[in-house]
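Each chain, written out:
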Amino acid sequence: MSSIQSELDRPPVEEARFSFSNHLYEWVSTVDHKRLGLMYIVTALLFLVIAGIMATVIRLQLAFPNGHVVDPDTFNRLFTMHGTTMVFLVGMPFVAGLSNYLVPLMIGARDMAFPRLNAFGFWIFLFGGFLLYFSYIGGSGLSGAGSAPDVGWFAYAPLTSRAFSRGASTDYWILGILVAGIGSIASAINVIVTTISMRCPGMTLSRMPMFVWVMLIDSWLIIIALPPLSAAQIMLLVDRFLGGNFFNTQSGGSAVLWQHFFWIFGHPEVYILIFPAFAILSEVIPIFSRKPIFGRPAMVGAVASIGFISLGVWAHHMFAVGMTSWSNTFFTASTMLVGIPTGIKIFNWTATMYGGKLRMATPMLFCCAFLFQFLIAGLTGIMLATGPFDWQLHDSYFVVGHFHFTLVAGLVFGLFAGLYYWFPKVSGRMYNESLGKWHFWLFIIGVELTFVPMHFLGFLGMPRRIYTYAPDRGWNFWNLLATSGLIFQLPATLIFVWNMVHSAIKGEVAGDDPWDAWTLEWTTTSPPPEYNFETTPEVRSSRPLWDIKNPNDPDWRFE
Amino acid sequence: MDAVLTGSAPPRKEEWALPDRGTMGIIFLIVTETALFTIFVVAYVVYIGKSLSGPFPKDVLDLPIVASICLLSSSATIVFAEMALKKHRLGLFKLWWLATILLGLEFLISTGLEWQKLIYEDHLTVSTNLFGTTFYSLVGLHASHVIVGMAFLILVMLVTLFGFPIETQERRVKFLSWYWHFVDAVWVVVFTVVYVIGR
């Protein structure tokens, strides 16, 4: 006993004032969901910058006819790495990072269900990212051909066979994505189990914040849709290393089967990517309209039905491949069906704003822009879902314009809304509002300039992924216009980075609840302590913080 | 904070109980593994009868009756082991656990012998034809899951033999048993597709 007592009486060891190695050790060895969430988001932002630079080079190459900014092989690598990075190393870690940071805070939990699995997921994901980028160094392999992968982000067979993809670059593509996928699945299982098993007392499913609902269904999509990609990639590895015949047409294999398997993953994947934006909008719009979200059950139902319908629409990426007319009809119809729940969501967000007391702070501006731009992206999606229309515009710049409108004008706008909205919670300080507005206006002008002309280029017949074009095609003006959007996007991004970094150090102290919000993460300090909440919160309604602030008119009276 | 958050709300009547996180974790692991296997099974079914050259399944495949009986009955023995553990009858637990391991081992050995025959006598390898590619991939993916299960089964056996109080880990034994049931259920599908429909 006495030895224990003497240990307790011993004064704590003086800590060094600031030691880089201590800090590094703390971050590398952490299992705290907030730190891991931040690491995911910072990694995603870094990869976003890398892939953004690639996009800049691609646009410079296409700015003028007969361009020679890079050589054709480099161009192929650029669009492959740009697409792969954006989907797997930017979109996926944003999903994991946002849900890691926010889900436990929003449901009043101390941490995720499996903190160590969480750390494993992050590090294996990062390793996958490094593996993909290591191809720039090691991709030549022993045969000395090829560097980074150049097979496109969906890597169609038979281009990926040994005969057409020599060297090891395609193997780095397969292994990097396979390994990063393990991390995504680990993190998705963690989010699902956390949501099911770790909610604080009183937090029933009907009171759970919309953000958590959307991320729950997002994670469900990940664990269903990602394994098909892993399976197809394992088959491709068998083909490439063991001489298998899965996608080898000379032995009776089918190249189309790869397309099916890839898009069984690939189409749910685009919903996996856009869901964080849905989740963020469903939190930000009510707070900045001073109204609870309109039609909450319909909202949850819409997200859940997207979570199921999107599993059955994959072959709309393959209308031009020559399927039976019955398949074409089925996939046209099922794709149109997704328009219904998506429409419900747009209507409900708009109805939330209708009659509300709107505060046009930066997060809300991004949300409003999202509504308009995502609507246009959805409408071009309905156009492309029509088989005969798709035959005309398949693999054209119209498709490029469509999915960049969903992912940049949609997802990225949603992400910026979320980053600005939760910045005071994460850093404890307020960002600079006027810089935020500058960022918004420059960025929206740049995005419209870059991506609207792509639709017209598609109508004019410009195929995607071409290296360059002749001056007499009538594409010069629109291409130059698309590239000129960079003049606005680049400074906007720099302003954003400066705003985040500078405000995190020197910004005004924000306080616990700068937005007068209603969900649990705003009840704790900014930034939240490692233990999140001093005592386990107990909730009575879907707006627990509203109940505290308005004891005379609490929400639970109406539930 | 408790009092602050609830304000003047009436006290909660119902007990707050949520599902166990380990149980949920293993369930969703099985869900995601099912998605993985589904694609391999689909690939196998799509390529049935598409091989351009022999050997063909009907010429070289024999029904692995004994191995299948062994693997499926190991699902029963592991349940008996669990029940013994629940009653704290450790000797009985070890016995049933050992039986499970031996049955799983017999399955792996007979798969190995089958592959040896296919490779050396029938000259069917993963690169011979579509049947070889899909057969070795699907059966191999399943066998690799059996091996992972075996590794954990043996781990539990070893720590128990070295005196670790396994009765404190009833939950984890249950999760391992669920995984083992899953591997067995997959074998039912693989057996049906490869040896019944595919032949």
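Every chain is numbered on its own, with residues counted from 1 as its sequence reads. Chains carry letters and ligands carry numbers; both start at the beginning, A for chains and 1 for ligands, and go up in the order they are written. Only residues with pLDDT of at least 70 are given local features in this predicted model, and only at 80 or more are side-chain atom pairs given and counted; all residues enter the totals for whole chains, interfaces and linings.

**Q** Is there a simple way to think about the overall build of chain A in this case?
**A** The helix and strand tally for chain A stands at 17 helices and 0 strands. It is over C-alpha atoms that the radius of gyration is taken, and the globule rule equals 2.2 Å times the number of residues to the power 0.38. Relative to its length of 559 residues, chain A is compact, with a C-alpha radius of gyration of 24 Å against a globular reference of 24 Å. Dimensions of chain A along its principal axes, counting C-alpha atoms only, are 75 × 65 × 45 Å. Expressed as a percentage of its 559 residues, the buried residues of chain A come to 54%. For chain A, the proportion of contacts with a sequence separation of at least 24, taken over those separated by at least 6, is 81%. In this text, helices come from DSSP runs of H or I with a minimum length of four residues, and strands from runs of E with a minimum of two, each type numbered from the N-terminal end. Remark: C-beta atoms are placed from the backbone, and a residue is labelled buried if 20 or more other C-beta atoms sit within 10 Å of its own, exposed if 12 or fewer do, or partly exposed between those counts. Here contacts are defined at the residue level, using C-beta atoms placed from the backbone and a cut-off of 7 Å between them.

**Q** How should I be thinking about the overall build of chain B in this particular structure?
**A** Helix and strand counts for chain B come out as 7 helices and 0 strands. Reading the helices (α) and strands (β) of chain B from amino to carboxyl end gives α-α-α-α-α-α-α. Computed over C-alpha atoms, the radius of gyration of chain B comes to 22 Å, more than 25% over the 16 Å expected from 2.2 N^0.38 for 199 residues, which places it beyond the range of a compact globule. Going through the 199 residues of chain B one by one, you find that 32% of them count as buried.

**Q** Which parts of the structure should I look at to understand the confidence of the model for chain B?
**A** The predicted coordinates ought not to be read in detail in places where the model reports low pLDDT. Here chain B averages 92 in pLDDT, and 93% of its residues register 70 or above. Reported confidences for the modelled complex are a pTM of 0.93 and an ipTM of 0.93. Summary of the metric used: pLDDT quantifies the predictor's per-residue confidence within the range 0 to 100.

**Q** Teacher, can you tell me more about the interface of chain A and chain B here?
**A** Interface extent is often summarised as the accessible area lost during association of the parts. In this assembly, 44 residues from chain A lie in contact with 35 residues from chain B. Those elements giving two or more residues to the side of chain A that touches chain B turn out to be α6 (169-197), α7 (210-242), α8 (255-289) and α17 (544-549) of chain A. Sorting elements by how many residues they give to the side of chain A that touches chain B places α7 of chain A first, with 10 residues. Here the side of chain A that touches chain B is built from residues that sort into 29 nonpolar, 10 polar and 5 charged. Here the nonpolar group is Ala, Val, Leu, Ile, Met, Phe, Trp, Tyr, Cys and Pro; Asp, Glu, Lys and Arg are the charged ones; every other residue, Gly included, is treated as polar.

**Q** Where do I start with the nonpolar core in this structure?
**A** Grouped burial of nonpolar side chains is what soluble globular proteins tend to show. A set of buried Ala, Val, Leu, Ile, Met, Phe, Trp, Tyr and Cys residues, joined through C-beta atoms within 7 Å, is what we mean by a nonpolar core. One finds V214, L281, V284 and A417 of chain A to be the most contacted residues of the largest nonpolar core, which totals 204 residues. Setting aside residues no more than four positions away along its own chain, A417 of chain A makes contact with I280, L281, V284, P363, F366, C367 and F370 of chain A.

**Q** Explain the environment of L273 of chain A to me, please; I cannot follow it from the model alone.
**A** Residues and elements named next belong to chain A. Following the sequence through the fold, L273 ends up in helix α8. The exposure class assigned to L273 is buried, which follows from the 22 C-beta atoms found within 10 Å. A sequence separation of 55 residues divides L273 from D218, and the C-alpha atoms of the two residues are 8.5 Å apart. What L273 contacts, discounting residues up to four positions off in sequence, is V87, G91, L407 and L411.

**Q** Help me out: how do you make sense of the environment of G428 of chain A in this one?
**A** Residue position: G428 of chain A is located in the loop between α13 (397-427) and α14 (433-459). Each C-alpha atom of the pair G428 of chain A and I505 of chain A lies 9.7 Å from the other, and the pair is 77 residues apart in sequence.

**Q** In this structure, what is going on with helix α6 (residues 130-161) of chain B? I would like to understand it.
**A** Quick reminder: α-helices carry 3.6 residues per turn. Residues three or four places apart thus point the same way. For a helix, the expected span equals 1.5 Å multiplied by the number of residues minus one. Taking 1.5 Å of rise per residue, the 32 residues of α6 of chain B would be expected to cover 46 Å, and the 46 Å separating its terminal C-alpha atoms lies within 8% of that figure. Positive backbone phi, approximately 95 degrees, marks G163 of chain B, located one or two places after α6 of chain B.

**Q** Is there a simple way to think about the environment of L419 of chain A in this case?
**A** Along the chain, L419 of chain A falls in helix α13. Through-space distance from the C-alpha of L419 of chain A to that of R557 of chain A is 33 Å; in sequence the pair is 138 residues apart.

**Q** How do you make sense of unusual backbone geometry when you look at a structure like this?
**A** Both trends apply: most residues other than glycine have a negative phi, and most peptide bonds are in trans. Here the amide bond leading from S526 of chain A into P527 of chain A is cis, since omega sits at -10 degrees, within 30 degrees of zero. Residue placement: P527 of chain A occurs in the loop between α16 (486-506) and α17. With an omega of -5 degrees, the peptide bond running from G54 of chain B to P55 of chain B counts as cis. For P55 of chain B, the location among the structural elements is in the loop between α2 (21-46) and α3 (57-60). In this model, A155 of chain A sits at a positive phi of 45 degrees, which is unusual for a non-glycine residue.

**Q** Help me understand α13 of chain A, please; the structure alone is not making it clear to me.
**A** All names here are of chain A. When the local axis directions of α13 are compared, the greatest deviation, roughly 40 degrees, occurs at Y421, which is followed within four positions by the proline P424. Most of α13 sits out of view: 29 of its 31 residues are buried. Count one or two residues on from α13 and you reach G428, which has phi positive near 80 degrees. Take the seven residues that end at a residue and the seven that start at it, fit an axis to each, and the angle between those axes is the bend at that residue.

**Q** For this particular structure, what's the right way to read the packing of α13 of chain A against α14 of chain A?
**A** In a pair of packed helices, the angle between the axes and the distance between the axes together describe the arrangement. All names here are of chain A. Axis geometry follows a simple rule: fit a line to the C-alpha atoms, using only the stretch in contact for helices, then measure angles between N-to-C directions, giving values from 0 to 180 degrees. Contact geometry for α13 and α14: axes closest at 7 Å, N-to-C directions at 165 degrees. The angle between the axes of α13 and α14 places the two elements in the roughly antiparallel class. Judged by the twist between their axes, the crossing of α13 over α14 is left-handed. Each of Y397, F398, V399, V400, G401, H404, F405, V408, A409 and Y420 in α13 lies in contact with α14, whose residues at this interface are G436, V447, F451, M454, H455, L457, G458 and F459. When grouped by side-chain class, the residues that make up the contact of α13 with α14 number 13 nonpolar, 5 polar and no charged. An angle counts as roughly parallel when it lies under 35 degrees, as roughly antiparallel when it exceeds 145, as roughly perpendicular when it falls between 65 and 115, and as oblique in every other case. The sense of a crossing depends on the near helix, which, turned anticlockwise from the far helix by less than a right angle, makes the crossing left-handed and, turned clockwise, makes it right-handed.

**Q** Explain the packing of helix α5 (residues 115-138) of chain A against α6 of chain A to me, please; I cannot follow it from the model alone.
**A** Residue and element names in this part refer to chain A. Two numbers describe how α5 lies on α6: the axes approach to 8 Å, and their chain directions differ by 165 degrees. By the criterion of interaxial angle, the relationship of α5 to α6 is roughly antiparallel. Between α5 and α6 lies a crossing of left-handed hand. Of the residues belonging to the contact of α5 with α6, the class tally is 17 nonpolar, 11 polar and no charged.

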